[in-house]
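Letter by letter, the chains look like this.
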Amino acid sequence: MKRATLRPDHLLPEPAVPPPWPGREVRLDGTVTYVRDTPATAPGAEPALYVHGLGGSSQNWTDLAYLLADHLDGQAIDLPGFGRSEPSRRYTVPAFADRVIRWIEHSGRGPVHLFGNSLGGAISVQVAGVRPDLVRSLTLISPALPFLDFRRSLQGRMLPLLAIPRGERLVAWHLAQLAPEVMARQVMEACVADRSRICEQRREEALEEIRLRHAAEHHAAAYFRTFRGLVSTFLRSYLPGPGSLWRLAGAVQAPTLVVGGRADRLVDVRVAPQTARVVPDSRLLMLDGVGHVAQQEVPRLVARAVLDLLAEAGLAARRFDVTG
């Protein structure tokens, strides 16, 4: 592990607030996966795939994808049951990873520069661990890798519901009682340390996403089952056997950037440094006063660290081409 390096800010595009990238529905293995494309703005760009966190969507990557479009030809997907993608039968980290792998294979764009935030970080580690041929580099932002002290997460309040036979219905009932405006504010408070960094347009887009969730009958079930699947993955990671995310993290071959916010209220702040220690070729960026979604709160800082990772990954790829 080494400390991440930031490329100069002037290498990035001028500050702007682009609208959400255009999306399309793709039928994959019998269900619809929604994908947003951020086309490259310069020749020679390499393919990238962005994977959101629990309760998020492909819109979580709008700003970072814009900042990196000179270097990356980006796609961001909605995971099954979230955003505009159709629901799934299984909401586990391995099941989500299978969908990401299938998408990369279906799109024919691999290997990709893979980005994951929170749950998406856990999924991306699973993908990189089991299919290293599909991942050129890995960027993990507040990755939800296993930790056992749920007092360090606001999500810990949901744990008792996992033991209740009808916990899923209770979650659905509770979510239905919240006005979209209230839910949007609560989500922002949980995910962002300094809400002044989020512009009015992004707040309106987040509210629109909440309204979309309210209209989707499957959303509460998808959220609850995904949380249950994530907790199950956490527990298995501390037991003997091949299903440990920490073991998979140790098997990651791709050059990796790990970003953590020291004001993260959803993932134990010790997880990002632990992840960087476990992943063999890693660099760590810890950000003071930043919460759970650094790619939305301080996208330019994250982009500058990614540019350095891309430069190193490019050099590594050329060495591999020459020697391999």
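Worth saying up front: this structure is predicted, and the values here are computed from it rather than measured.

How would you sum up the overall build of the protein chain? Please name residues and give values.
Regarding its fold elements, the protein chain presents twelve helices and nine strands. A globule of 324 residues ought to have a C-alpha radius of gyration of about 20 Å, and the protein chain, at 18 Å, matches this closely. Counting only C-alpha atoms and orienting by the principal axes, one finds that the protein chain spans roughly 60 × 45 × 40 Å. Looking at the protein chain as a whole, 56% of its 324 residues are labelled buried. Partitioning the contacts of the protein chain with sequence separation of at least 6, the portion at a separation of at least 24 is 78%. In the structure as shown, the protein chain presents an accessible area of about 14300 Å², 54% of it carried by carbon and sulfur atoms. Charged side chains in the protein chain number 39 positive and 33 negative. The centres of these two groups are separated by 6 Å.

Give me helix H8 (residues 219-236): which residues, what numbers.
With 18 residues, H8 extends 26 Å from end C-alpha to end C-alpha; this agrees with the ideal 26 Å at 1.5 Å per step. Of all 18 residues in H8, 13 are buried, a share of seventy percent or more.

A description of unusual backbone geometry should follow, citing residues and the corresponding values.
The omega angle of the peptide bond from Gly-110 to Pro-111 is -5°, so this bond is cis rather than trans. Among the structural elements, Pro-111 can be located in the loop between helix H2 (93-107) and strand E6 (112-117). Here Asp-29, not a glycine, exhibits a phi torsion of approximately 55°, which is positive. Here Asp-29 shows up in the loop between strand E2 (23-28) and strand E3 (31-38). A residue is classified by how much of its surface remains accessible, and Asp-29, at 52% relative accessible area, is exposed. In the Ramachandran plot, Ser-142 falls in the positive-phi region, its phi being about 45° despite a non-glycine side chain. Relative to the assigned elements, Ser-142 resides in the loop between strand E7 (135-141) and helix H4 (159-162).

Could you give an account of the sheet that holds strand E8 (residues 256-261), with specific residues and numbers?
Taken together, nine strands build an open sheet; the order of strands is E1-E9-E8-E7-E6-E4-E5-E3-E2 and the sheet is mixed. With partners counted over all chains shown, the strands left at the sheet margins are strand E1 (2-3) and E2, one partner each. Along the sheet face, H2 touches E2, E3, strand E4 (46-51), strand E5 (72-77) and E6 and points at about 100° away from the line of E2. Relative to E6, helix H3 (residues 119-130) is tilted by about 145°, and along the sheet it contacts E4, E6 and E7.

Tell me what's going on with the confidence of the model for the protein chain, and back it up with residues and numbers.
Looking at the protein chain as a whole, its pLDDT mean stands at 92, while 97% of the residues score no less than 70. A low-confidence stretch, residues 316-324 stays under pLDDT 50, and its non-local contacts, those more than four residues away or across chains, total one contact.

Account for the packing of aromatic side chains, with residues named and values stated.
Applying the stated criterion across every chain yields a total of seven aromatic pairs. Ring centres 5.3 Å apart and planes at 40° place the aromatic pair Tyr-50 and Trp-61 in the tilted group. Placement of the pair is Tyr-50 in strand E4 and Trp-61 in the loop between E4 and helix H1 (62-67), with a sequence separation of eleven residues. On the basis of relative accessibility, which here comes to 2%, the residue Tyr-50 falls in the buried class. Measuring from ring centre to ring centre gives 6.3 Å for Trp-61 and Phe-115, while their planes differ by 70°; the resulting arrangement is edge-to-face. Placement of Trp-61 in the loop between E4 and H1 and of Phe-115 in strand E6 is noted, with a sequence separation of 54 residues between them. Of the two residues examined, Trp-61 and Phe-115, each falls in the buried class. An aromatic cluster is defined as three or more aromatic residues linked by ring pairs; in this entry it consists of Tyr-50, Trp-61 and Phe-115. The ring of Tyr-34 has Arg-84 sitting right over it, with the charged end atom 5.7 Å from the ring centre.

I'd love a proper account of the pattern of salt bridges, names of residues and values included.
Per the stated rule, a full pass over the model turns up 26 salt bridges. The partner of Arg-109 in a salt bridge is Asp-73, with the nearest N and O atoms 3.3 Å apart. Linking Arg-109 in the loop between H2 and E6 with Asp-73 in strand E5, this pair joins segments that are 36 residues apart in sequence. Here Asp-73 falls in the partly exposed class, since its relative accessible area comes to 28%. A salt bridge links Arg-283 to Asp-281; its shortest N-O distance comes to 3.2 Å. When salt bridges that share partners are traced, they join Asp-29, Arg-102, Glu-105, Arg-131 and Asp-133 into one network.

Reading guide: rules and limits
- Residues numbered from 1 in each chain as written.
- Predicted model: local features only at pLDDT ≥ 70, side-chain atom pairs only at ≥ 80, totals over all residues.
- Heavy atoms only, no water.
- Helix = DSSP H or I, 4+ residues; strand = E, 2+ residues; numbered from the N terminus.
- Rg over C-alpha atoms; globule rule 2.2 N^0.38 Å.
- Buried < 20%, exposed > 50% of the residue type's maximum accessible area, 1.4 Å probe, protein only.
- Contact = heavy atoms within 4.5 Å.
- Areas by Shrake-Rupley, 256 points an atom, 1.4 Å probe, with all protein chains shown as cover.
- Lys, Arg positive; Asp, Glu negative; His and termini not counted.
- Charge placed at Lys NZ, Arg CZ, Asp CG, Glu CD.
- Expected span 1.5 Å × (residues − 1).
- Pairing = 2+ DSSP bridges.
- Axes fitted to C-alpha atoms, helices over the stretch in contact; angles between N-to-C directions.
- pLDDT = per-residue confidence, 0-100.
- Phe/Tyr/Trp six-rings, centres within 6.5 Å; stacked < 30°, edge-to-face > 60°.
- Lys NZ or Arg CZ within 6 Å of the ring centre and 35° of its normal.
- Salt bridge = Lys/Arg side-chain N within 4 Å of Asp/Glu carboxyl O.

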